[in-house]
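Understanding the architecture of this molecule
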Amino acid sequence: MENETIQVTSLTPRIGAEITGVKLTEPLGNQQFQEIHDALMEHSVIFFRNQPVDVHQHKDFGRLFGDLHIHPGSPPPPDHPEILIVHADKNSKHIAGENWHSDVSCDAEPPMGSILHLWEVPKSGGDTLFASMNAAYDALSERMKEYLDGLYATHSGEQIYRGRYSNDDTNMVYPKSTHPVVRTHPITGKKSIYVNKTFTTHINDVPREESDGILAFLYDHCAKPDYQVRFKWQPHSVAFWDNRCVQHLALWDYYPQVRSGYRVTVKGERPF
Ligand code: SIN
């Protein structure tokens, strides 16, 4: 069906679309919200240009999609616990999201979506890669789909968050959860691969060597360019991705330049 209030331009047949005709600095009408929601469901990650949202407008946009998530480790800016700071400069030792992941998949109810607004970007580089886990799942052999069916895996925040943040203390307990290796999207009904290099430590109830081998295969498979879209940021671009069916990776090829913005993350449900 044609959209009435926005224009949606698909960027690849499998994932990613650019949205125009909307100002995220202004309240959205119901129809506009519905069309943006539907574009996200269809394309899994959507991009907007020239959206100089302030922190309140950014959070208001996120709240249209659900309650906002608070990150289990990363210290927020004052008065905005729901904001994740995404920042890199010449003093950075790490950046957020350098390896393939689905945001905070170590949570029992991992976030449904993340909305990143960058206001300062390097002259070139600093792209984000997004990969469709529906497309990756669909491309598996029927034999592999049967093998993965009913398996669960453990996702842990410990090995990624410990020692990383200024507020880290030894009493901090980072989330650890068990999720199905293949999850079903609650709205589209599509299946996707739900293990990732950052948070998944092992597949449960199989020998560790088998788990390591299967995960290595799945990580290589999920990282194939065939399922990806690559986003080139400009100041005040916004990307909104569905963590239930997308993994992403932020490239750090621009050191020592600055790349800076805020992420609002929308709460999700227990994967099934
Ligand atoms: C993240 O949310 O993982 C960071 C993504 C990015 O900085 O492009």
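This report concerns the structure included in the present document. What you see is a predicted model, and the numbers here were worked out from it, not measured in a lab.

This next bit is on the site of the ligand. Every residue close to the ligand is listed here: Val-86, Ala-96, Gly-97, His-101, Asp-103, Leu-116, Thr-128, Trp-241, His-248, Ala-250, Arg-259 and Arg-263. Taking His-248, its side chain carries an N or O atom lying 2.9 Å from an oxygen atom of the ligand. Arg-259 has a polar side-chain atom sitting 2.8 Å from an oxygen atom of the ligand. Here the shell around the ligand is built from residues that sort into five nonpolar, four polar and three charged.

We now examine the packing of aromatic side chains. Per the stated rule, a full pass over the model turns up 14 aromatic pairs. Relative to Phe-61, the ring of Phe-48 has its centre 6.0 Å away and its plane inclined at 85 degrees; by these criteria the two rings are edge-to-face. Of this pair, Phe-48 sits in strand E3 (residues 45-48) while Phe-61 sits in helix H2 (residues 55-63); the two residues are 13 residues apart in sequence, bridging distant segments of the chain. Take Phe-48 and Phe-61: they sit in the same class, and that class is buried. Every member of this aromatic cluster is reached through a ring pair, and the members are Phe-33, Phe-48, Phe-61, Phe-65 and Phe-240. For Arg-183, the ring lying beneath its charged end belongs to Tyr-194, and the centroid distance is 4.6 Å.

So, about the pairing of strand E1 (residues 7-10). Both E1 and strand E2 (residues 17-20) contribute to a ladder of four bridges, which runs antiparallel. If you follow Ser-10 over to E2, its bridge partner there is Ala-17. Here E1 folds back onto E2, and the loop between the two strands holds six residues, one of which, Gly-16, carries a positive phi near 95 degrees.

Here the focus is the state of the cysteines. In the structure shown here, the tally under the stated rule is zero disulfides. Left unpaired, Cys-106 is separated from the closest cysteine sulfur, that of Cys-222, by 18 Å. With a relative accessible area of 0%, Cys-106 lands in the buried category. You can see Cys-222 has no disulfide; the closest cysteine sulfur is in Cys-245, sitting 12 Å from it. Its relative accessible area of 3% is what places Cys-222 among the buried residues.

Another aspect to go through is the side chain of Glu-35. As for its position among the elements, Glu-35 is in helix H1 (residues 30-43). One buried charged residue, Glu-35, remains without a salt bridge, the closest side chain of opposite sign being Lys-23 at 16 Å. Polar contacts involving the side chain of Glu-35 include one to the side chain of Thr-5, which spans 2.8 Å. Only 3.3 Å separates the side chain of Glu-35 from the backbone nitrogen of Ile-6, close enough to count as a polar contact. Excluding its chain neighbours within four sequence positions, the residues that come into contact with Glu-35 are Asn-3, Glu-4, Thr-5 and Ile-6.

Moving on, we get to the sheet that holds strand E4 (residues 83-88). One open sheet accounts for seven strands, arranged E1-E2-E3-E13-E5-E15-E4; its pairing is mixed. Among the strands making up the open sheet, the edge pair consists of E1 and E4. In this sheet, neighbouring strand axes are inclined to one another by 20 degrees on average, regardless of whether the strands run parallel or antiparallel. In terms of strand pairing, E2 meets E3 through two bridges, oriented parallel. Across the sheet, residue Ala-17 finds its bridge partner in E3, namely Ile-46. With respect to the sheet, H1 is in contact with E1, E2, E3 and strand E13 (237-242), its orientation differing from that of E3 by roughly 130 degrees.

We now examine H2. Turning to H2, its buried residues number three or more, namely Val-55, His-58, Lys-59, Phe-61 and Gly-62. Angularly, the buried residues of H2 cover 155 degrees about the axis, an arc narrow enough to put them on a single face. On its buried face, H2 is in contact with H1, E3, E4, strand E5 (113-120), E13 and strand E15 (259-266). For H2, the N-terminal cap is Asp-54; the gap from its side-chain oxygen to the backbone nitrogen of His-56 is 3.0 Å.

Procedures and definitions
Residues numbered from 1 in each chain as written. Predicted model: local features only at pLDDT ≥ 70, side-chain atom pairs only at ≥ 80, totals over all residues. Heavy atoms only, no water. Near = heavy atom within 4 Å. Polar contact = N/O pair within 3.5 Å; in protein donor to acceptor, adjacent residues only side chain to side chain. Nonpolar A, V, L, I, M, F, W, Y, C, P; charged D, E, K, R; others polar. Phe/Tyr/Trp six-rings, centres within 6.5 Å; stacked < 30°, edge-to-face > 60°. Helix = DSSP H or I, 4+ residues; strand = E, 2+ residues; numbered from the N terminus. Buried < 20%, exposed > 50% of the residue type's maximum accessible area, 1.4 Å probe, protein only. Lys NZ or Arg CZ within 6 Å of the ring centre and 35° of its normal. Pairing = 2+ DSSP bridges. Disulfide = S-S within 2.5 Å. Lys, Arg positive; Asp, Glu negative; His and termini not counted. Salt bridge = Lys/Arg side-chain N within 4 Å of Asp/Glu carboxyl O. Contact = heavy atoms within 4.5 Å. Axes fitted to C-alpha atoms, helices over the stretch in contact; angles between N-to-C directions. Arc of directions from axis to C-beta.

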